[in-house]
Amino acid sequence: MKKDQSKIIREQVDRSALREHSTPLYLTSSFIFDSAEQGRAVFAGEEDAMIYSRYANPNTSEFINKVCIMEGAESGLSFASGMAAVFASFAAIIESGDHIVSSRAIFGSTHQLFTELFPRWGVTTTYVDAANPEEWEKAIQPNTKIIFLESPSNPGLELVDLEWLGKFKEKYPNIILSIDNCFATPYLQKPIQYGFDLVIHSATKYMDGQGRVLGGIVVGKQELIDKLMFFIRHTGPALSPFNAWIISKSLDTLGIRMDRHCSNALALAQALENHPEIEDVKYPFLPSHPQYELAKKQMKAGGGIVTLVVKGGFERAKAFVDQLEMILYTSNLGDSRSIATHPASTTHSKLSEDERLNLGIQPGSIRLSVGLEDQEDIINDILQALEKTK
């Protein structure tokens, strides 16, 4: 039997009569029926066939199939962005009166869903310290519908013990266990093997890998994906065929790219760990990370993100990013090019200072998405920016 990497590279939509080697772009809004009877049968669900690209398209189907192979999932759906995927994974399932339990360390926009949008629908959320099993137990209520987490978290790189949480969830068979696996990617971490029901990705990040297009995906149990399918058919957060085509092609090289991201990130973390101008360095595969043993247990490698805290706080952090010469300053991550982000003034700026501190975001925190450049060049750019802002 072929291994996953071979399956991913060989996964392709059926060739047309033209016998093309590479999957073509299917830039069509809809698909024709051979007869009125076929049209009736397809809409009635008696025949499986493409109808409309808002529902499915050969390019999105190929992308979904590849991610299902990587994650070991039964089925999946693609979305126009990562946040569209996150939103749909809740909106298609929750009802007024439901309750969500979430790890405290999550992406800022997801936090806004829990605290600003979902309360309007009568849905409440309880945050827990992901590393504290007692808090998960205390947070469960009779109306809890979904347990949600990120691991590693954005940007604090906090981990959740996936095996423990999967076993914990067995006591509550009606609760859905969902994870944002964006930082790890399915190459480094496979939550479904621990009993997770849904796995979410922003395909904009490592799956594309070059900062070109937006995309998102949710994979998991068929019965839950069916609920999401009803939601997207009638709300329209569809991924474009072009973006799906780009991302699907990129998945062929995800493994070799992640190997390089991880080796570069580890080298950078090691180089900066004892630097006198840095207060703290977080990287899951550094022995100094408080969850180092857990990281080695459930991840193939440490990922491509390094989070550091520069001495001097908010103003020093801003000065630092302004002095970077090669590394780009933007809010994206997972690019072939190294990227720096100052979360306190960008991605998590809408949170209060106390909320940021609870997520491990200091005024001087810098999130580094370590790219594919030569290690020496990445490290030297960081060092010269630190030197200029002493």
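Basis of the calculations
Each residue is numbered by its place in its chain's sequence as written, counting from 1. Reporting of local features is limited, given that this is a predicted model, to residues whose pLDDT is at least 70; pairs of side-chain atoms are given and counted only at 80 or more, and all residues count toward the totals for whole chains, interfaces and linings. The basis for the side-chain values is all heavy atoms of the structure; hydrogens and waters are excluded. Pairing between strands requires that DSSP locate at least two bridges from one strand to the other. A run of DSSP states H or I qualifies as a helix once it reaches four residues; a run of E qualifies as a strand once it reaches two. Both are numbered from the N-terminal end. Type-normalised accessible area, obtained with a 1.4 Å probe on protein chains alone, sets the label of each residue: buried when under 20%, exposed when over 50%, and partly exposed for intermediate values. Should any heavy atoms of two residues lie within 4.5 Å, those residues are considered in contact. Reported domain spans reflect what an automatic or database domain assignment gives. For any pair of parts, buried area is found by adding up, for both, the accessible area (1.4 Å probe) each one loses once the two are put together. Think of a polar contact as two N or O atoms within 3.5 Å of one another; within protein, one of them needs to be a possible hydrogen donor and the other a possible acceptor, and neighboring residues in sequence only count if both atoms come from side chains. Residue type decides the class: Asp, Glu, Lys and Arg count as charged, Ala, Val, Leu, Ile, Met, Phe, Trp, Tyr, Cys and Pro as nonpolar, and the leftover types, Gly among them, as polar. UniProt positions are given in the numbering used here, feature names are shortened, and annotations may be inferred rather than shown by experiment. Residues enter a patch when their relative accessible area is above 30% and they make no salt bridge; the linking distance is 9 Å between like charges and 5 Å between nonpolar side chains (Val, Leu, Ile, Met, Phe, Trp, Tyr). Each accessible area is a Shrake-Rupley result for a 1.4 Å probe, and residues are judged covered by the shown protein chains and nothing else. The term salt bridge refers to a side-chain nitrogen of Lys or Arg lying within 4 Å of a carboxyl oxygen of Asp or Glu. We count Lys and Arg on the positive side and Asp and Glu on the negative side, and we leave His and both chain ends out. Where a charge sits is defined by one atom per residue type, namely NZ (Lys), CZ (Arg), CG (Asp) or CD (Glu).

**Considerations on the sheet that holds strand β9 (residues 305-310)**
Now for step 1: The strand order across the open sheet built from five strands is β8-β9-β12-β11-β10, with neighbouring strands paired in mixed fashion. The two strands at the open ends of the sheet, each matched to only one other strand, are β8 (278-282) and β10 (328-329).
Now for step 2: Note that β10 and strand β11 (residues 339-341) share two bridges and pair parallel. Its bridge partner lying in β11, L328 is registered against I339.

**What to know about helix α5 (residues 108-117)**
Within an α-helix, residues lying three or four positions from one another point in the same direction, as the helix has 3.6 residues per turn.
Now for step 1: When we look at burial in α5, the residues that qualify are G108, T110, H111, L113 and F114.
Now for step 2: Along its buried surface, α5 packs onto α4 (82-91), β2 (99-103), β3 (124-128), β4 (144-150) and α14 (353-358).

**Some thoughts on the domain arrangement of the protein**
Now for step 1: Structurally, the protein comprises domain 1 (4-250) and domain 2 (254-388).
Now for step 2: With 37 residues of domain 1 in contact, the opposing surface of domain 2 contributes 41 residues.
Now for step 3: For the domain 1 and domain 2 pair, buried surface summed over both sides reaches about 3,300 Å², with 59% attributable to carbon and sulfur atoms.
Now for step 4: Of all residues in domain 1, the largest losses of buried area upon contact with domain 2 belong to Y187, L188 and Y206, amounting jointly to 24% of the total for that side.
Now for step 5: On the surface where domain 1 and domain 2 come into contact, there are 19 residue pairs in polar contact (both at pLDDT 80 or more).
Now for step 6: Elements with a minimum of two residues in the side of domain 1 that touches domain 2: α5, α7 (162-169) and α8 (185-188).
Now for step 7: Of the residues assigned to the side of domain 1 that touches domain 2, the class counts are 18 nonpolar, 13 polar and six charged.

**Points about the UniProt feature "modified residue: N6-(pyridoxal phosphate)lysine" (unreviewed entry) in the protein**
Now for step 1: Mapped onto this structure's residue numbering, the UniProt feature "modified residue: N6-(pyridoxal phosphate)lysine" (unreviewed entry) falls at K205.
Now for step 2: Topologically, K205 is positioned in the loop between β6 (198-202) and β7 (216-220).
Now for step 3: With residues near it in sequence (within four places) discarded, K205 still touches C182, N332, L333 and G334.

**Thoughts on a negative patch on the surface**
Now for step 1: A cluster of acidic side chains, namely E116, E353, D354 and E355, defines a negative patch on the protein surface.
Now for step 2: With three residues, α14 is the largest single contributor of residues to the negative patch.
Now for step 3: Considering the arrangement of structural elements, one finds E353 in helix α14.

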